[in-house]
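One letter stands for each residue in the lines below.
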Amino acid sequence: MIEPADLREWRDHDVVDEEGHKIGALEAVYVDTVTDQPSMATVRIGVPTRHRLVFVPVGSVIAGPGYVRVPYAKTLVKSAPSIGTDDVLPIEDEEAVFQHYGLPYKPGADGARQLARR
C-alpha cells in the first residue's frame, strides 16, 4: 500500500478498480483543507475528444507496477460526480462527492471548501 501523501507522484498512471479493471488515468489529488492530507483524486475518463474527471477517495489506495488500485467498483467510480478537464468543483457540489461513496462530509471552518487541489 502506498501512502496517500505519495499519490501525487503517480499522476497519469492507470487507475484500476478492486478487480483490476482499468477506470482511467490519475489526474490530480485533492487534500482535506482541515488536515492537509490527501482525501480525493480525480480520474480522467472518456474518449480523447471528450474527457471528464470523476472523483474517487484515496484513503486505501494500493500501487502496483504502473497502476493505482482503488477499493471501489469501476461502475461506482464512473458514475461519481464529475467535472470537465478545465473545470473546478463548485463548493456546493462537494457534499455530493462524499455522499456518492457513503462518506461523511464535514465542510471546513465557516462552511469553507473541504477539498483543495494540490
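In what follows, the structure referred to is the one given above.
In this text, all values refer to a predicted model and were calculated from it rather than measured experimentally. (Residues numbered from 1 in each chain as written. Predicted model: local features only at pLDDT ≥ 70, side-chain atom pairs only at ≥ 80, totals over all residues. Heavy atoms only, no water.)

Q: Talk me through the pattern of salt bridges; I want residue IDs and the actual numbers.
A: Under the definition given, this model contains 5 salt bridges. In this structure, Arg11 engages Asp12 in a salt bridge whose closest nitrogen and oxygen atoms are separated by 3.9 Å. With a relative accessible area of 41%, Arg11 lands in the partly exposed category. Take Asp12: its relative accessible area is 45%, and that puts it in the partly exposed class. (Salt bridge = Lys/Arg side-chain N within 4 Å of Asp/Glu carboxyl O. Buried < 20%, exposed > 50% of the residue type's maximum accessible area, 1.4 Å probe, protein only.)

Q: Which residues make up the environment of Val43, and what values go with them?
A: Examined against the element boundaries, Val43 turns out to sit in strand β3 (residues 38-47). Relative accessible area serves as the criterion here: at 0%, Val43 is assigned to the buried category. Remark: the alpha-carbon pair of Val43 and Gly24, spanning 19 residues in sequence, is separated by 5.8 Å. For Val43, the residues in contact, after removing those within four places along its chain, are Val15, Ile23, Gly24, Ala25, Arg52, Leu53, Val54 and Val56. (Helix = DSSP H or I, 4+ residues; strand = E, 2+ residues; numbered from the N terminus. Contact = heavy atoms within 4.5 Å.)

Q: Tell me about the side chain of Asp32, and please be specific about residues and values.
A: Following the sequence through the fold, Asp32 ends up in strand β2 (residues 22-32). The side chain of Asp32 is buried and forms no salt bridge, while Lys106, the nearest opposite charge, is found at 6.4 Å. Once residues lying within four places of it in the same chain are set aside, the contact partners of Asp32 are Gln37, Ser39 and Gln114. (Lys, Arg positive; Asp, Glu negative; His and termini not counted.)

Q: Pulling in residues and values, what's your account of the packing of aromatic side chains?
A: Per the stated rule, a full pass over the model turns up 3 aromatic pairs. Between Phe98 and Tyr105, the ring centres sit 5.3 Å apart and the planes meet at 55 degrees, which makes this aromatic pair tilted. Tyr105 matches Phe98 in its accessibility class, with the two residues each being buried. (Phe/Tyr/Trp six-rings, centres within 6.5 Å; stacked < 30°, edge-to-face > 60°.)

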